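The chain contents come next:
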Amino acid sequence: MQQVRDAILAGDTTPEDFANIDIPDHYRGVTVHKDEQEMFAGVATKDKDPRKSLHVDEVALPELGPGEALIAVMASAINFNTVWTSIFEPVSTFGFLDRYGRISPLTKRHDLPYHVVGSDAAGVVLRVGPGVNMWKPGDEVVAHCLSVELEHPSGHSDTMMDPEQRIWGFETNFGGLAEIALVKSNQLMPKPKHLTWEEAASPGLVNSTAYRQLVSQNGGAMKQGDVVLIWGASGGLGGYATQYAVNGGAIPVCVVSSEDKADLCRAMGAELVINRNAEGYKFWKDERTQDPKEWQRFGKKIRELTGGDDIDIVFEHPGRETFGASVYVTRKGGKIVTCASTSGFMHEYDNRYLWMNLKRIIGSHFANYRESWEANRLIAKGMIHPTLSKTFPLEQTGEAALDVHRNLHQGKVGVLCLAPEEGLGVRDHEMRSKHYDAINRFRNV
Ligand code: NAP
C-alpha cells in the first residue's frame, strides 16, 4: 500500500500514473467475524465492547464490477451503524450480507465470513469498472453510503425507494474503515478542497441524513422561522441539523446532556439550548409507564425559551425514551421526523395529541444521491462545516466506536486509514483560512 499512499501524498501524481499503480491483492480493513456473532450473548447492551469484536485484518481485494470503483481510503469516520454492527444489535449484519449475496454472482462477493465495515470515506479513485465515465483514477472524492441496484421502477423518482436500497459498509461489505473500499460510482462526490482527509470523511452519512430529514421535501421541508426541536443537537446527526436550522433561518431548540455540548450548540449559532441532564426530565416513570407531567414540564421549558411558540418540526432519533414527549410538544399541524430509535424501537405516544392536532409522523432514512450531493456541496461551499472532534488511527477503531457507544464523544469521531497523520489533503488553503474557526470548533472542547 506504500506506493498508493506515496502517490496520493505526492500531490502531483497524474491520472495516468494512478491508473498504472499496482494495487495489492490484500489490504487492511476493520472487520467483524461471523463466527463471533454470539460473543455478547447475555451481556447488557451498554457493556458490549466494540474493542472485542472489531478487528483489523488483512482481507482480499474484491473483484471490480461494472459501475463500481475501488478507492484508496485516506480517512473514514465512526457512525452509529458501526456501533450496531460491532455489538451485533439489533441483528447481526451477516444476515444483510447473506440476503444481498442472493441477488447475483456479483453481489455474492459480499457474502463472506467477515464484514469490512464503515459507511464514510475520503480518498482517491484507483480503478473504475466498465460503464463508469464520470470518474477516473486520481480523482479526490468522498463517498456517500447509499447502495442501490435501480433495476426496479420504484427507485427511479427517489432512489431511497429502490427495493434493493442498502447502506454501504453496513448492509454491504467492503466498507470505508479500510485502506481500500469498493463503492458504486454513483456513491462518489468531489472531496471539499478546503478540508483535510479526516474532516472531509466525517460529514458524509450524518450530514446527508440530516439534510433529507430536516431540509428536503422528502423530510421536514424546513422553512425560515420554523421552530425545530433537535435531540442530541451536538451529536453526529444533531450537529448538522443544528447547522441546517441556523443556516436556513429556522429557530433551533437544541437538547443536549452537558454544558460543554450546550456551548457547542451556541458556537454553531443556536441560542435556545436545553440541558436535559440539568433539567432532570424523566419521561418514563418505569419501563412501561410514561409521565405526561414530564412532557408538560418539557413543553413549558420550550415555550419559555421560544416566547410561547411550540415546535414545528421535531428532529427525532432517540426513539422510545423521547418519542412520547416529541409528539406532545409538537404544535398543531407540526411534524415529527424520525430516522432512528437509539433507546428502543417500540415507541409509545398518546395518539389523541397526534390526530386531534393534525400532527404528522414522517419516517426518514439516509438520503438519495441528489440530496447527498447537495449536502456535500454545502460543505464544499463552506456553508455547513464538519463537526470532527477527535481522530483515531485505524488500529484503534474499537476505541473510537466505544466512545460513540458510551456517548463520550462530541460531533464526529474520525479514523485515519491510509493518511499517516492528521492535517493532510487540503488543496484550497485560502478558503480553509476563511472558515478555520468554524471547522475547528468541535476540536477544542
Ligand atoms: P450520536 O453521535 O451518538 O448522537 C446521538 C445523540 O443523541 C447523543 O449524543 C445524545 O446527545 C442523544 N441521545 C442519545 N440517547 C438519548 C436519549 N435516550 N434521550 C435523549 N437524547 C439521547 O449518534 P448519531 O450519529 O447522531 O445517530 C443517532 C441515531 O440515529 C443512531 O441510532 C443511528 O444509528 C441513527 N442514524 C440513522 C440514520 C438513518 O439514515 N436512518 C442515519 C444516521 C444515524 P446528548 O447526550 O447530548 O443529549
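Residues numbered from 1 in each chain as written. Predicted model: local features only at pLDDT ≥ 70, side-chain atom pairs only at ≥ 80, totals over all residues. Heavy atoms only, no water.

**Section: helix α9 (residues 238-247)**
For clarity, the threshold we go by: Relative accessible area decides the class of each residue, using a 1.4 Å probe on protein chains only: under 20% of the type maximum gives buried, over 50% gives exposed, and in between gives partly exposed. Strands here are runs of E lasting at least two residues and helices are runs of H or I lasting at least four, both read from the DSSP assignment and numbered beginning at the N terminus.
Within α9, eight of the 10 residues are buried, which leaves it mostly tucked inside the rest of the structure. Among all positions in α9, only G238, G239, Y240, A241, T242, Q243, Y244 and A245 are buried. Positioned one or two residues after α9, G249 has a phi angle of 75°, which is positive.

**Comments concerning the pairing of strand β3 (residues 68-77)**
Keep this limit in mind: Following DSSP output, two strands are said to pair if at least two bridges run between them.
Burial analysis of β3 places 10 of its 10 residues in the buried class, which makes it a mostly covered element. Taken together, the five bridges between β3 and strand β9 (residues 180-184) define a ladder with antiparallel strand orientation. Among the inter-strand pairings, L70 is bridged to a residue of β9, identified as L182. Looking at chain direction, β3 and strand β5 (residues 121-128) are connected through six bridges and run antiparallel. Bridge pairing in β5 places A72 opposite V124. Pairing of β3 with strand β20 (residues 412-416), which is carried by three bridges, proceeds in the antiparallel orientation.

**Things to note about the packing of helix α8 (residues 204-215) against α9**
Applied cut-off: Every axis in this analysis is a line fitted to C-alpha atoms, fitted for helices over the stretch in contact. Angles between the N-to-C directions lie between 0 and 180 degrees. Comment on the angle field: the value is read as roughly parallel under 35 degrees, roughly antiparallel over 145, roughly perpendicular from 65 to 115, and oblique elsewhere. Take the far helix as the reference: if the near one is turned anticlockwise from it by less than a right angle, the crossing is left-handed, and if turned clockwise, right-handed. Residues are treated as being in contact if the distance between any of their heavy atoms lies within 4.5 Å. Each residue gets one of three labels, nonpolar for Ala, Val, Leu, Ile, Met, Phe, Trp, Tyr, Cys and Pro, charged for Asp, Glu, Lys and Arg, and polar for the others, Gly among them.
Running from N to C, α8 and α9 point in directions that differ by 45°, and their axes come no closer than 8 Å. The orientation of α8 relative to α9 falls into the category oblique. Where α8 crosses over α9, the handedness of that crossing is right-handed. Each of V206, N207, A210, Y211, L214 and V215 in α8 lies in contact with α9, whose residues at this interface are Y240, A241, Y244 and A245. A class-by-class count of the residues in the contact of α8 with α9 yields nine nonpolar, one polar and no charged.

**Regarding the domain arrangement of the protein**
Worth spelling out the cut-off: Those domain boundaries reflect an automatic or database domain assignment. The term buried area refers to how much accessible surface (probe radius 1.4 Å) is lost by two components on association, counted for both of them together.
Under the domain assignment, the protein is made up of domain 1 (2-206 + 367-439) and domain 2 (220-363). Each of domain 1 and domain 2 has a C-alpha centre, and these two points are 30 Å apart. Between domain 1 and domain 2, the residue contacts involve 19 residues of the former and 16 residues of the latter. A combined buried area of about 1,300 Å² lies between domain 1 and domain 2, and 57% of that area is made up of carbon and sulfur atoms. The largest share of the area that domain 1 buries against domain 2 comes from V206, I384 and Q410, three residues that together contribute 40% of it.

**Details of the site of the ligand**
This is how it is decided: For this description, a residue counts as near a given molecule or strand if any of its non-hydrogen atoms is within 4 Å of it. Pairs of N or O atoms are called polar contacts if they sit within 3.5 Å, as long as, within protein, a hydrogen donor faces a hydrogen acceptor (for residues adjacent in sequence, only side-chain-to-side-chain pairs).
Around the ligand, the structure places 26 residues, and the nearest of them are L237, S257, R276, F366 and H409. S257 is positioned with one of its side-chain polar atoms (N or O) 2.6 Å from an oxygen atom of the ligand. At 2.7 Å, a side-chain N or O of H409 approaches an oxygen atom of the ligand. Elements that contribute at least two residues to the shell around the ligand include exactly α4 (80-86), α8 and α13 (320-329). Per element, the largest residue contribution to the shell around the ligand is three residues, and it comes from α8. Each residue belonging to the shell around the ligand can be placed in one class, and the counts come to 11 nonpolar, 12 polar and three charged. Two domains each put at least three residues into the shell around the ligand: domain 1 (2-206 + 367-439) and domain 2 (220-363).

**Thoughts on the sheet that holds strand β16 (residues 311-316)**
Overall, parallel pairing links the six strands, which are arranged β13-β12-β11-β16-β17-β18 in an open sheet. Across the chains shown, the open sheet's two edge strands, defined by having one partner strand only, are β13 (272-275) and β18 (360-363). Strand-to-strand twist across the sheet, computed as the mean angle between neighbouring axes with direction ignored, equals 20°. Looking at chain direction, strand β12 (residues 251-256) and β13 are connected through four bridges and run parallel. Considered in β13, the bridge of V256 is made with N275. The strands touched by α13 within the sheet are β11 (227-230), β16, β17 (330-338) and β18, with β17 carrying the most contacts at an inclination of about 145°.

**Regarding the pattern of salt bridges**
What counts, and what does not: Only one rule defines a salt bridge in this text: a Lys or Arg side-chain nitrogen within 4 Å of an Asp or Glu carboxyl oxygen.
On inspection of all chains with the given rule, the structure shows 26 salt bridges. Between K48 and E89 there is a salt bridge, and its shortest N-O distance comes to 2.7 Å. Residue K48 is located in the loop between β1 (26-33) and α3 (50-53), and its partner E89 is located in the loop between α4 and α5 (94-101); the two are separated by 41 residues in the primary sequence. Take K48: its relative accessible area is 10%, and that puts it in the buried class. Linking R109 and E68 is a salt bridge whose minimum nitrogen-to-oxygen distance equals 2.7 Å. A residue pair is termed long-range when its members are at least 10 positions apart, and R109 in the loop between α6 (105-108) and β4 (114-116) and E68 in strand β3 qualify at 41 residues. Of the two residues, R109 and E68, neither departs from the other in class, the shared state being buried.

**Quick notes on the pairing of β17**
Operational definition: Think of it like this: strands point away, you trace from the first strand over the helix to the second, and a clockwise trace means the crossover is right-handed.
Here β16 runs beside β17; their pairing, made up of five bridges, is parallel. Bridge pairing links F315 to V337 in β17. For the handedness criterion, the β-α-β arrangement of β16, α13 and β17 is classed as right-handed. Here β17 runs beside β18; their pairing, made up of four bridges, is parallel. Pairing of I336 across the sheet is with I361, part of β18.

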